[in-house]
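# A closer look at the structure
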Amino acid sequence: MREVDYNQVVETVSRLCMEANYFLGGDVVKAFNDALKKEESETAKNILNQLLQNAEISRTEKIPICQDCGFAVVFLELGEDVHVKGNIIKAINEGVSKGYTEGFLRKSIVSDPVKGKNTGDNTPAIVHTMIVPGDTVKITVAPKGGGSENMSEVKMMKPADGIEGVKNFVIDRVQRSSSNPCPPTVIGVGIGGTFEYVAFLAKKALLRDIGQRHPDPFYADVERELLQRINNLGIGPMGLGGRTTSLDVFIEVHPRHIASFPVAVNTNCHAARHKTAVI
Amino acid sequence: MAEPKRITAPLSDDDIMKLKIGDSVLITGKILTGRDAAHKRLFELAQKGEALPVDIKGQIIYYVGPAPAKQGYIIGPAGPTTSGRMDPYTPKMLELGLKGMIGKGVRSKEVRDAMKKHKAVYLAATGGAAALIAKNIKAVKIVAYEDLGPEAIRELEVEDFPVIVANDAHGGDLYEEGQKKYRKE
Ligand code: SF4
């Protein structure tokens, strides 16, 4: 069995935390530029230009895109034929601590939700582990800001609500979020599974690159329709009016129980951060 | 794109009345910072009728909690935080003479009414444009509540700090009007 060193995990996670916060994805930058061409509002164009400049400053000076450097959400795909020496969850948390401290990233985690104090190093991370075929360790760090996370929701719908019910729920959620999640946003939608799993699906959907459609043409069409309807809401960048409310909508689906129809919306801001490495 | 208006902070009443929703504005001068914890303290003092540790009369408060500064920088990335959380305290601040606020997101009806009454403006900074905004901050000084760490009240010296007028002193609301304008049925 292939062996991976504990420290290699620590170093990789630390690097990914910094890179995710400093280097906005090329897909997002391209989406800003595309939106700029279509925008009709002067205010919106002004904001999109600021976001482009901001991404450029962050990239060249290696400073965070946003002061809210997020909750460190980690997707771990662990190959069944690889063994990490030591506790991998501990290694990931050590990496987060190192990355947030050495990278001058803001620490935003409170140790206990009611009685807690800031943990001082942005740990613990939220780790989603998947066992997959192969002998590699794939790690994605997706720092998640509070402003947009707060505009997310799970709804246990009825199977009879069908896809139209899903669409209306998504549109309504975006409308109610208005200026709060720092639009232009990216919208992750989960459909199916159980109460807790559907939220995971919506979060996982946010890992896709802007423009990447669902492989099933049915859901790809729903994604296109939702994006258009959202952008017709007029909310615009920062909620000040315009054509660019969301950059994309991603759907992830899963089998469901005959009696249930869970749907989740996970809202991400334009600081749509995620970086991946394979060890 | 229309040329941005340049204004000097603290704001003169004349400047305030000239600002209209949708105006792109560059601020140069001195502004204060404050967010949740500082607002709570100021509010409690004001309610008891006690003097505040900083004079907010005529001032602009920027709702911000910056990231740490790395070597060679005076401040870390410093974008706006959600203004709505300050809404419960804001009418009192306006009553005491606060003239401007910088943040992100819509304000409550109570705040909008108080702004109109006391002739104040709400300026939207771009959430998530934190690295860019920090470039326009030239000096930082803690002026009150040092114990609050990142939430302490600071005085910032800014130059061409970019904002958009979201609510003006005449009752205009760009969130409402802008969204209505670009809505397609
Ligand atoms: S919602 Fe996103 S862009 Fe806005 S302040 Fe939070 S992390 Fe930054």
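Residues numbered from 1 in each chain as written. Chains lettered and ligands numbered in written order. Predicted model: local features only at pLDDT ≥ 70, side-chain atom pairs only at ≥ 80, totals over all residues. Heavy atoms only, no water.

## Focus: unusual backbone geometry
Note the threshold: The helix and strand labels rest on DSSP assignments: H or I over at least four residues marks a helix, E over at least two residues marks a strand, and numbering proceeds from the N terminus. The cut-offs for exposure are 20% and 50% of the maximum accessible area for each residue type, with area from a 1.4 Å probe on protein chains only; residues under the lower value are buried, those over the upper are exposed, and the others partly exposed.
Backbone torsion omega between Pro183 of chain A and Pro184 of chain A reads 10°, so that peptide bond is classified as cis. Mapped onto the fold, Pro184 of chain A is located in the loop between helix H6 (162-177) and strand E7 (185-193). For the bond from Ala9 of chain B to Pro10 of chain B, the omega torsion is -5°, close enough to zero to count as cis. Structurally, Pro10 of chain B can be placed in the loop between strand E1 (5-9) and helix H1 (13-18). A positive phi angle is found at Met238 of chain A, which is not glycine, with a value near 60°. Assignment of secondary structure puts Met238 of chain A in the loop between helix H8 (217-231) and strand E8 (246-256). One non-glycine residue with positive phi stands out, namely Asp160 of chain B, at about 50°. As for its placement among the helices and strands, Asp160 of chain B is situated in strand E7 (residues 153-167). By relative accessible area, which is 27% here, Asp160 of chain B ends up partly exposed.

## Digging into the packing of H6 of chain A against H8 of chain A
All names here are of chain A. Test applied: Axes here refer to lines fitted to C-alpha atoms; in helices the fit is confined to the stretch in contact. Angles between the N-to-C directions go from 0 to 180 degrees. Two helices cross in a left-handed way if the nearer one is turned anticlockwise from the farther one by less than a right angle. They cross in a right-handed way if the turn is clockwise. Residues count as neighbours in contact if any of their non-hydrogen atoms are within 4.5 Å of one another. When residues are sorted by character, Ala, Val, Leu, Ile, Met, Phe, Trp, Tyr, Cys and Pro go into the nonpolar class, Asp, Glu, Lys and Arg into the charged class, and all the rest, Gly among them, into the polar class.
Between H6 and H8, the shortest axis-to-axis distance is 10 Å and the interhelical angle comes to 35°. Where H6 crosses over H8, the handedness of that crossing is right-handed. Seen from H6, the contacting residues are Ile163, Lys167, Asn168, Val170, Ile171 and Val174; seen from H8, they are Phe218, Tyr219, Val222, Glu225, Leu226, Arg229 and Ile230. Within the contact of H6 with H8, the residues separate by chemical class into nine nonpolar, one polar and three charged.

By themselves these figures say nothing about function.
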